[in-house]
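So you can see what is in the structure, the chains are spelled out below.
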Amino acid sequence: QVQLVESGGGLVQAGGSLRLSCAFSGRTFSSYGVGWFRQAPGREREFVAAISWGGGTTTYGDSVKGRFTISRDNAKNTVYLQMNSLKPEDTAVYYCAVNPRGAALRDIFPYNYWGQGTQVTVSS
């Protein structure tokens, strides 16, 4: 059974930084593509970033491009999301998810395992 556990969320002032982690267990992590999504109250879940199985391909949502960086360490079964220059509109619950295609996918539907989420709050 695949399990994903996010950590690293919290309260930060605008302009600050946070690094989220997503720890994976249960299967061969290096075969999965990984994505980060976020959901603010009253809004649909939004794509943030994704990385392919080997880390060679990454893609970002337009609202975070140039500020967020996704990376992975397959030896540690962990994916990271470095978030810099945070804005109040980045406030949301952040989820990591994996897809068995191994690709960096922006669409939510191929992702078949999800973590429980971690809250990120950016104050103005």
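Check the entry above for the structure.
What you see as residue numbers is a count from 1 along each chain, following the sequence as written. Totals for whole chains, interfaces and linings use all residues, but because this is a predicted model, local features are given only for residues with pLDDT of at least 70 and pairs of side-chain atoms are given and counted only at 80 or more. Processing note: side-chain calculations cover all non-hydrogen atoms of the structure and skip hydrogens and water entirely.

## Side note on the sheet that holds strand β1 (residues 3–7)
When DSSP locates at least two bridges between a pair of strands, those strands are taken to pair. Elements are defined by DSSP. Helices are runs of H or I of four residues or more, strands are runs of E of two residues or more, and each kind is numbered from the N terminus. Spatial strand order, β1-β3-β8-β7: 4 strands in an open sheet with antiparallel pairing. With partners counted over all chains shown, the strands left at the sheet margins are β1 and β7 (68–73), one partner each. The average angle at which neighbouring strand axes cross in this sheet is 15°, direction not considered. Pairing geometry for β7 and strand β8 (residues 78–83), over 6 bridges, is antiparallel. Angles run from 0 to 180 degrees between N-to-C directions of axes, and those axes are lines fitted to C-alpha atoms, restricted for helices to the stretch in contact.

## Points about the nonpolar core
Working definition of a nonpolar core: buried Ala, Val, Leu, Ile, Met, Phe, Trp, Tyr and Cys residues. They are joined through side-chain atoms within 4.5 Å. A 1.4 Å probe rolled over the protein chains alone gives each residue an accessible area, and that area as a share of the maximum for its type sets the label: buried under 20%, exposed over 50%, partly exposed in between. W36, L81, M83 and Y94 are the most contacted members of the largest nonpolar core, which totals 30 residues. Among the nonpolar cores identified, the runner-up in size contains 7 residues, and A50, A104, L105 and Y111 belong to it.

## Quick notes on the packing of aromatic side chains
Aromatic pairs are defined between Phe, Tyr and Trp rings, using the six-membered ring for Trp, whenever the two ring centres lie within 6.5 Å; interplanar angles under 30 degrees are classed as stacked, those over 60 as edge-to-face, and all others as tilted. If you walk through the whole model with that rule in mind, you get 6 aromatic pairs. Judged by centre distance (4.9 Å) and plane angle (45°), the ring pair of F24 and F29 falls under tilted. For F24, a relative accessible area of 5% translates into the label buried. We classify F29 as buried; its relative accessible area is 3%. Taken together, F37, F47, Y111 and W114 form an aromatic cluster joined through their ring pairs. Between R45 and the ring centre of Y95, over which it is positioned, the NZ or CZ distance is 3.9 Å. Any Lys NZ or Arg CZ that is within 6 Å of a ring centre and within 35 degrees of that ring's normal is treated as a charge sitting over the ring. The cationic tip of R72 hangs over the ring face of F29; the distance from NZ or CZ to the ring centre is 4.4 Å.

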